[in-house]
Structure formats: structure tokens, C-alpha cells
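Results of the structural survey
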Amino acid sequence: MTVVVVGAGLAGLRAAEAVRGHGLAVTVLGDERHLPYNRPPLSKAALRESATAADLAFRIRRDDLGWRLGQPVVGLDLYRREVLLADDTVPFDALIIATGIRPRVLPVPGPPPMVLRTVEDAEALRRALTPGRRLLIIGAGFIGCEVAATARAMGCAVTVCAADAEPMIRPLGEHLGAGLRRRHEQAGVEFHLGVGVSGYEPSGVTLSDGRTLTADVILSAVGSVPNTQWCAGNGLDLVDGVLTDNRLCAVRTTAAGEEGAEAPVLAVGDIARFPNPLFDEVPRRIEHWSMPTDTGRRAGAVIAALLAGQSPALDFRPLPSFWSDQYDATLQSFGMPALGVPTLASGSWDGDCIVEYHRDDVLVGVVGVNRTRELATYRPRIGSVSDASQPAAD
Ligand SMILES: Cc1cc2nc3c(=O)[nH]c(=O)nc-3n(C[C@H](O)[C@H](O)[C@H](O)COP(=O)(O)OP(=O)(O)OC[C@H]3O[C@@H](n4cnc5c(N)ncnc54)[C@H](O)[C@@H]3O)c2cc1C
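Small disclaimer: the values here were computed from a predicted structure and weren't measured. What you see as residue numbers is a count from 1 along each chain, following the sequence as written. Restriction of local features to residues with pLDDT of at least 70 applies here, the model being predicted, together with a cutoff of 80 or more for giving and counting side-chain atom pairs; totals for whole chains, interfaces and linings are based on all residues. To get the side-chain values, all heavy atoms of the structure are used, and hydrogens and water are removed first.

Quick look at the overall build of the protein
- The way it works is that DSSP assigns letters per residue, a run of H or I at least four long becomes a helix, a run of E at least two long becomes a strand, and they are numbered from the N terminus. Looking only at helices and strands, the protein has 8 helices and 25 strands in total.
- Based on C-alpha atoms, the radius of gyration is set beside the globule rule, defined as 2.2 Å times the residue count to the power 0.38. Here the protein has a C-alpha radius of gyration of 22 Å; the compact-globule value for 394 residues is 21 Å, and the two agree.
- When the backbone C-alpha atoms are referred to their principal axes, the protein occupies close to 70 × 60 × 40 Å.
- Buried residues in the protein amount to 53% of all 394 residues.
- In the protein, the share of contacts with a sequence separation of at least 24, taken over all contacts with a separation of at least 6, comes to 62%.
- Here the open area of atoms and residues is found with the Shrake-Rupley method and a 1.4 Å probe, where only the protein chains shown may cover a residue. Total accessible area computed for the protein in this model is approximately 17,100 Å², and 50% of it derives from carbon and sulfur atoms.
- The distance from the centre of the 38 positive side-chain charges to the centre of the 46 negative ones in the protein is 3 Å. Each residue is assigned to one of three classes by its accessible area relative to the maximum for its type, calculated with a 1.4 Å probe on protein chains only: buried under 20%, partly exposed between the two thresholds, exposed over 50%. The contact criterion used throughout is that any non-hydrogen atoms of two residues lie within 4.5 Å. Under this rule, positive means Lys or Arg and negative means Asp or Glu; His and the chain ends count for nothing. For this purpose, a charge sits on NZ of Lys, CZ of Arg, CG of Asp or CD of Glu.

Okay, here's the thing in C-alpha cells:
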């Protein structure tokens, strides 16, 4: 039995290790030339100081994984149980899709700006960010905010423009987003919020309200697109990533019993859209560093069970978590804050704090700013009815 993993990032690596741990042969196919490496430093330390993929490489816990790197997978034939390279085909008994996401590109005219996803992107950006240069960042999400903080530390002038009303408003909410904006403003970052970009110029951008912003370097950080193009035409739901059930098995429209229809196909990491009963039954993609490890391990166990003719339980309830470093602030989160309404639990919106996010009476997420130790106590409480709403004991 051979398991093929497409995508040599963290999720592909952890899935391959798990599959091999169950005694199955596994080959990982990746389009980057490097063994899997850590992306979070690319907007932080590895942007300030040059780092190679080897410097950022993950420790590989097994030396018996097969690797084919530097070649994109261009197609999938589920009927024949093969993935297609430009000049070869690779057969499989089970497939794991781990091809992650790529930066979204705004459909506006003009020379395309820089993006940040790979170690090569980070090196190109680092070289461009010499002290005194003016950086314009389009997008005020995680990557836009982190690069803004890093670029200020590198001595660049930084402007951020974004359609959102506040930085990181989707995961954090308005008040904490505004607090974060004030931190950036105190560090000298200029914001233009609630405005889109209608054109790229060689030395800046035109905004949707007609204004122009000038810059020496432009970075686009406006979200992501899942890398699913290579698996189109096989009856998978690819509307937003790869739709799976709670086992992480891809949902298929192929008729049961059709040849090829029964080969296990799973998705892991940023690309997997799965229901998590810790919150509800709605399938969602989660682009955080904790998911590749959780989903990779789960995929190994599920494939081993399916190939042995067993039915894995529908009990996968991973706790999403993220962190983000900006200036002297470390933001950390457990759960899915974006699902809830924020309440300040301690501290202040502008300073170090803990913010709880509730949906109805259920604690669905928590974010802490420089509150690592306190935040850990929240882990077991995510997904539970909060204490405040419990009836008082007699
Ligand atoms: C700059 C940056 C900073 C980040 N900072 C944080 C942070 O502070 N905290 C946090 O929680 N998360 C952070 N993240 C997110 C985190 O890195 C991701 O959640 C994680 O990398 C997802 O792993 P993955 O294996 O699913 O996808 P990826 O790491 O994207 O790996 C997918 C791999 O598949 C390859 N691939 C794509 N298409 C094909 C194809 N057709 N054939 C073969 N290979 C293919 C890709 O090139 C890539 O190598 C950050 C991400 C970036 C880019």
C-alpha cells in the first residue's frame, strides 16, 4: 500500500510521518525545492536577518519518508489513482492533499506588487527594505501587520492601506483591532483604512477614492487562495479549499462503487475545510500553524484505519491556536474568536489584556496580548458554556 502526499509543507510532513508511523509506505511530492520549512519567521526574524530554507527547516522525525521535490503536481486522476507530474505519473492507494494556499492577487491593472509566502519571497522583500525606504502594505491582516512592525524595526517608513476598518479586525474584533492600530501608529506607521486599491503604479497605488499613495516598495497581503487547481475535475468540492468530513476525507460526488471512487483522499493543513464539533457542524478552513500538526496526525490514523477496513470515529475536535509578534506585543489565541462577540476580561484594549469571545453563552475563543501564562488556563474552557452563565449553586 502506498500513500502519496501532495504538498511538502508542515501539514504534508506531519501527515507523512503519521502515515509511516502506521507502517505504510509514503512519498511526499512538493513543488518547492526545499524540504519543509517554517513560514512564520518569514514576516518576523527571517525578514530582518537573512535566513535560508535550511535555517528554517523542520526537524524530520523519520528517515524513511520518500521525497520528490522541485516539481509541481499538475493533475489528479482519481479514477486511475494517479497524480500527474509534467513528465511522469505517481500511483497511490491513498492520497493526502496538503498543497496549502498562495497569496491572493487583487484584479487591478498595473505592475504586480511583492507578496510573502515563500523563503524566496522573504529574501526578495528583505533586500528591498533598506533603511529609509518607503514601504506600502496593502492589507491589514496578520501578515500585513507583522511586516509593518518588522519593517519599522528595519528603519523603513511604513504605510498600510486596507479595505477593513481596523487592522486584524476579523480575528480580533473592532476594539482590539483599534488598540493594535494605535500601537502601530505610536511606532510611526500611517494607516489608510476603509479604502480599496484600484490600480498599481510603478511608484505607488491609486486608491478607490481617487487618491494616490507613493512608495518605493509595495507588498500585497490581501488574503489567500487555496492551491486546488491540480485536483479539479475529479468530483471533489473545491469551492474553498478541499471540503472534507470530520475524518478529513474529501467529500466526493463520484458515484459509490465506481472504480477509483473508494481510494481514500484526505486533506490537511491550510487547505482542508472540515467541520469541528468543538464549535459546530459548519466546515471551515483554518490558516494557523497548529492545524497542520493536528490534521496531519489525524490523517495518518484515518488512512491506516480505512486501509485496514475499519471506520474511524467522527470525534476530531482540534483546538485552533495562533500567535503573532508585533513590536513588544505577543498576541496569542485559542479557539475561533471570529465566531464570537468580544468582551474585555482583563487589562485594556490599548495595552496588555485578555479578551474573551462568546457565542450565546459558549466561550468560542480567547485572545491575549502579552498574557501567555494566564491564557493557557483558557484552553480546556473553549467550547464550554462560560461560568458566568451557569446557574449559581445553592
Ligand atoms: C509569512 C507568514 C507568516 C505566518 N505567521 C504565522 C504565525 O505567526 N502564526 C501562525 O499561527 N501561523 C502563521 N502563518 C501560517 C502558517 O505558516 C501556515 O498555517 C502553515 O504554513 C500551513 O501549512 P500547510 O502545510 O498547510 O501549507 P504550506 O506551508 O503552504 O505548504 C504547502 C506546500 O505545498 C506546495 N504546493 C502547492 N501546490 C502544489 C502543487 N501543485 N504540487 C506540489 N506542491 C504544491 C506549496 O508550495 C507548499 O510548499 C504564517 C504564514 C506565512 C506565509
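Overview of the confidence of the model for the protein
- pLDDT runs from 0 to 100 and stands for how confident the predictor is about each residue. When the pLDDT values of the protein are averaged, the result is 94; 96% of them are 70 or greater.
- For residues 389-394, every residue scores under 50 in pLDDT, and the model assigns this stretch 2 contacts once sequence neighbours within four places are set aside.

Topic: the side chain of Asn-234
- Position of Asn-234 relative to the elements: it lies in the loop between β16 (224-226) and β17 (242-243).
- Residue Asn-234 is classed as buried on the basis of its relative accessible area, which comes to 9%.
- Polar contacts, as counted here, are pairs of nitrogen or oxygen atoms within 3.5 Å of one another; within protein the pair requires one atom able to donate a hydrogen and one able to accept it, and residues that are adjacent in sequence qualify only if both atoms are side-chain atoms. Of note is the side chain of Asn-234, whose polar atom sits 2.9 Å from the backbone nitrogen of Leu-78.
- A distance of 3.4 Å separates the side chain of Asn-234 from the backbone oxygen of Cys-231, its partner in a polar contact.

Some remarks on the sheet that holds strand β19 (residues 272-275)
- A sheet is described by the order of its strands in space; here 3 strands give the open sequence β17-β19-β20, paired in mixed fashion. Both outer strands of the open sheet, β17 and β20 (283-284), are each paired with one neighbouring strand and no more.
- Pairing geometry for β19 and β20, over 2 bridges, is antiparallel. Counterpart to Phe-274 in the pairing with β20 is Arg-284. Note on pairing: two strands pair once DSSP finds at least 2 bridges between them.

Considering the site of the ligand
- When we say a residue is near a molecule or strand, we mean one of its heavy atoms is within 4 Å of it. Every one of the 32 residues lining the ligand counts as a neighbour, but Asp-31, Glu-32, Arg-39, Lys-44 and Arg-117 are closest to it.
- Within the contact set of the ligand, an oxygen atom lies 2.6 Å away from a side-chain nitrogen or oxygen of Asp-31.
- Contact between the ligand and Val-73: a nitrogen atom at 2.9 Å from a main-chain N or O atom of the residue.
- For the ligand, whose free accessible area comes to 1,000 Å², the fraction covered by protein is 94%.
- Only α1 (10-21), α4 (142-153) and β21 (321-326) provide two or more residues apiece to the shell around the ligand.
- When residues are sorted by character, Ala, Val, Leu, Ile, Met, Phe, Trp, Tyr, Cys and Pro go into the nonpolar class, Asp, Glu, Lys and Arg into the charged class, and all the rest, Gly among them, into the polar class. Its residues placed into classes, the shell around the ligand shows 15 nonpolar, 9 polar and 8 charged.

Section: helix α7 (residues 290-307)
- Multiplying 1.5 Å by the residue count of a helix minus one yields the expected span of that helix. An ideal rise of 1.5 Å per residue puts 26 Å on 18 residues; α7 measures up with 26 Å between its terminal C-alpha atoms.
- Taken from the residues just after α7, Gly-309 is the one with a positive phi, measuring 80 degrees.

Here we look at the domain arrangement of the protein
- Under the domain assignment used here, the protein contains domain 1 (2-102 + 224-307), domain 2 (105-220) and domain 3 (328-389).
- Segmentation into domains, and thus their bounds, comes from an automatic or database assignment. Taking the mean C-alpha position of each, domain 1 and domain 2 sit 30 Å from one another.
- Each side of the interface is counted separately: domain 1 has 20 residues, and domain 2 has 15 residues.
- Both faces considered, domain 1 and domain 2 share a buried interface measuring about 1,400 Å² in area, 59% of it formed by carbon and sulfur atoms.
- For any pair of parts, buried area is found by adding up, for both, the accessible area (1.4 Å probe) each one loses once the two are put together. When residues of domain 1 are sorted by the area they lose upon contact with domain 2, Leu-42, Ser-43 and Leu-47 head the list and together hold 39% of the total.
- Think of a salt bridge as a Lys or Arg side-chain nitrogen and an Asp or Glu carboxyl oxygen that are within 4 Å of each other. Where domain 1 meets domain 2, there are 3 salt bridges.
- Of the charged contacts, one joins Lys-44 and Glu-146 as a salt bridge, the two residues approaching to 2.9 Å between their closest N and O atoms.
- The interface formed by domain 1 and domain 2 includes 10 residue pairs in polar contact (both at pLDDT 80 or more).
- With 3 residues, the top contributor of residues to the side of domain 1 that touches domain 2 is helix α2 (residues 45-48).
- Residue composition of the side of domain 1 that touches domain 2, grouped by class: 8 nonpolar, 5 polar and 7 charged.

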